[in-house]
Amino acid sequence: MFAFCTDPATLDPLRWFSCYLTNGAHFLFYQSFLVVFALLAVTAPVSLAFGFAAASASRSHILPVAWLGKLYTAMVRGVPDIVFFLVFILVLDQGIEYLRHQIACPDWAEEIRQGANFLVCPEARTPSSNAPQWVHEVYGFSLAVFTYAIVFGAFCGNVLYGAMRAVPHAQLETGAAYGMSRAQVFWRILVPQMWIYALPGLGNIWLILIKATPLLFLLGIQDIVYWARELGGSRNSVYQYPHPDWRFWYFLALLVFYLCLTRVSEIGLARLTGHLSRGQATAAGDTLRKAAT
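Predicted, not measured: the structure shown is a model, and the values here were computed from it.

(A) Broad picture of the overall build of the chain. Regarding its fold elements, the chain presents 10 helices and two strands. Moving toward the C terminus, one meets the helices and strands of the chain in the order α-α-α-α-β-β-α-α-α-α-α-α. Relative to the compact-globule value of 19 Å for 293 residues, the chain shows a C-alpha radius of gyration of 25 Å, a clear excess of over 25%. Going through the 293 residues of the chain one by one, you find that 37% of them count as buried. Sequence-distant contacts in the chain: of pairs separated by 6 or more residues, those separated by 24 or more amount to 65%. As displayed, the chain offers around 17300 Å² of accessible surface, 66% of which is attributable to carbon and sulfur atoms. The averaged location of the 16 negative side-chain charges in the chain is 17 Å from the averaged location of its 19 positive side-chain charges.

What follows is the structure, given as structure tokens:
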């Protein structure tokens, strides 16, 4: 906040906007962009780990393990994302509190389920009511990240499973013929080569994950969509900075932000594809070899 912002009603338009865009509420809006980047930075590797575990399980020679991996990918991919987010995060939250309730209050006599209410002892509240605000925010964000990872992990698992099947089987047989164990064939031949086949699908999932970040707003987290709606709504004279409905301009700014983020992602994915294509028997690999000669 600038020193001349003490009385916004007396400012010219340029100074008025400089004060308006640097007040405390807008700094929270700017910080909410970090929430989006944090979600992407944490969810992407966790989703990839879930997907890799699901794809590996689907290839298992142990039937129950293979059924479990295929059931996970098929079931989660068949449920609409918004339904999964709204239901699963509630079930997960109540499940954590229920387990803590059973441990902390074994002598609790009242019913936990009382109609639409879910009542546990105060010691089982997660987080506790007297916890700092940042604890509540981190807890809610962690639940959101886990929910995102479960959903997008299923899509990653389907892509990685197809990429594992795309690796030429003759190479796996050659590794086994040279005396390599099944684990060695998996980690030294299959896994290094599958990424080039999986990258197009994983790139699409990454872009879908970017587009899904506004769902944080539905989970009660104050993200960029929340602040765009709050700050863009009309403000009358009782507010320090009165203005008409400016939500169009705020959401237009979010549109530009997501388009820029998508473009940067496409450039990064293209470079990564070129790096992984070197020495591979793919169309991109053949193009690189011809260019080198």
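(B) Quick look at the environment of Trp246. Take Trp246: it is sitting in the loop between α8 (224-232) and α9 (247-276). Using a relative accessible area of 17% as the deciding quantity, one classes Trp246 as buried. Once you skip the residues sitting within four places of it in the chain, Trp246 turns out to touch Trp16, Phe17, Tyr20 and Gly232.

(C) Looking closely at the confidence of the model for the chain. Looking at the chain, pLDDT values average 85 and 94% of them are 70 or higher. Highest mean pLDDT in the chain belongs to helix α2 (residues 24-58) (92); lowest belongs to helix α10 (residues 283-292) (54).

(D) Representation of a nonpolar patch on the surface in the model. On the surface, a nonpolar cluster with roughly 490 Å² of combined accessible area is contributed by Ile82, Val83, Leu86, Val87, Val91 and Leu218. Along the chain, the position of Ile82 falls in helix α4 (residues 81-104).

(E) Structural context of the nonpolar core. Core analysis: the biggest nonpolar cluster contains 65 residues, and Phe29, Tyr148, Phe152, Met194 and Ile224 have the highest contact counts within it. If you list the elements that add at least two residues to this core, you get α1 (13-20), α2, α3 (63-77), α4, α5 (133-166), α7 (182-212), α8 and α9. Here the element with the most residues in this core is α5; it accounts for 15 residues. Once residues lying within four places of it in the same chain are set aside, the contact partners of Met194 are Phe52, Leu160, Ala163, Met164 and Val167. Residues Cys105, Ile112, Phe118 and Ala124 belong to the second largest nonpolar core, which totals six residues.

(F) Layout of the packing of α2 against α9. Two elements in contact, α2 and α9, have axes whose closest approach is 14 Å; the angle formed by their N-to-C orientations is 30 degrees. Between α2 and α9, the interaxial angle falls into the category roughly parallel. Viewed along their axes, α2 and α9 form a crossing whose handedness is right-handed. Here α2 contributes His26, Phe29, Phe33, Phe37 and Leu40 to the contact with α9, which in turn contributes Tyr250, Leu254, Phe257 and Leu261. Split by residue class, the contact of α2 with α9 holds eight nonpolar, one polar and no charged.

(G) Quick look at the pattern of salt bridges. One pass over the structure, following the stated rule, counts four salt bridges. Glu97 is the partner of Arg125 in a salt bridge, and the nearest nitrogen-oxygen pair spans 3.6 Å. Of the two residues, Arg125 is situated in the loop between β2 (117-118) and α5 and Glu97 in helix α4; the sequence distance between them amounts to 28 residues. On the accessibility criterion, Arg125 (30% relative accessible area) is partly exposed. Looking at Glu97, the relative accessible area reads 7%, which means it is buried. Arg247 serves as the salt-bridge partner of Asp245, at 2.6 Å between the closest nitrogen and oxygen.

(H) Spotlight on the packing of aromatic side chains. Across all of its chains, the model carries 23 aromatic pairs by this definition. With a centroid separation of 6.1 Å and 85 degrees between ring planes, the pair formed by Phe50 and Phe146 is classed as edge-to-face. In this pair, Phe50 is assigned in helix α2 and Phe146 in helix α5, connecting sequence segments 96 residues apart. Looking at Phe50, the relative accessible area reads 25%, which means it is partly exposed. Residue Phe146 is classed as partly exposed on the basis of its relative accessible area of 33%. Consider the rings of Phe248 and Trp249, whose centres lie 5.0 Å apart with planes at 80 degrees: the pair is edge-to-face. Note on accessibility: Phe248 and Trp249 belong to one class, exposed. Among the aromatic residues, those joined into a ring-pair cluster are Phe27, Phe29, Tyr30, Phe33, Phe37, Tyr250, Phe257 and Tyr258.

The rules behind each value
- Residues numbered from 1 in each chain as written.
- Predicted model: local features only at pLDDT ≥ 70, side-chain atom pairs only at ≥ 80, totals over all residues.
- Heavy atoms only, no water.
- Helix = DSSP H or I, 4+ residues; strand = E, 2+ residues; numbered from the N terminus.
- Rg over C-alpha atoms; globule rule 2.2 N^0.38 Å.
- Buried < 20%, exposed > 50% of the residue type's maximum accessible area, 1.4 Å probe, protein only.
- Contact = heavy atoms within 4.5 Å.
- Areas by Shrake-Rupley, 256 points an atom, 1.4 Å probe, with all protein chains shown as cover.
- Lys, Arg positive; Asp, Glu negative; His and termini not counted.
- Charge placed at Lys NZ, Arg CZ, Asp CG, Glu CD.
- pLDDT = per-residue confidence, 0-100.
- Patch = residues over 30% accessible without salt bridge, like charges linked within 9 Å, V, L, I, M, F, W, Y side chains within 5 Å.
- Salt bridge = Lys/Arg side-chain N within 4 Å of Asp/Glu carboxyl O.
- Core = buried A, V, L, I, M, F, W, Y, C linked by side-chain atoms within 4.5 Å.
- Axes fitted to C-alpha atoms, helices over the stretch in contact; angles between N-to-C directions.
- Parallel < 35°, antiparallel > 145°, perpendicular 65-115°, else oblique.
- Left-handed = near helix turned anticlockwise from the far one by under 90°.
- Nonpolar A, V, L, I, M, F, W, Y, C, P; charged D, E, K, R; others polar.
- Phe/Tyr/Trp six-rings, centres within 6.5 Å; stacked < 30°, edge-to-face > 60°.

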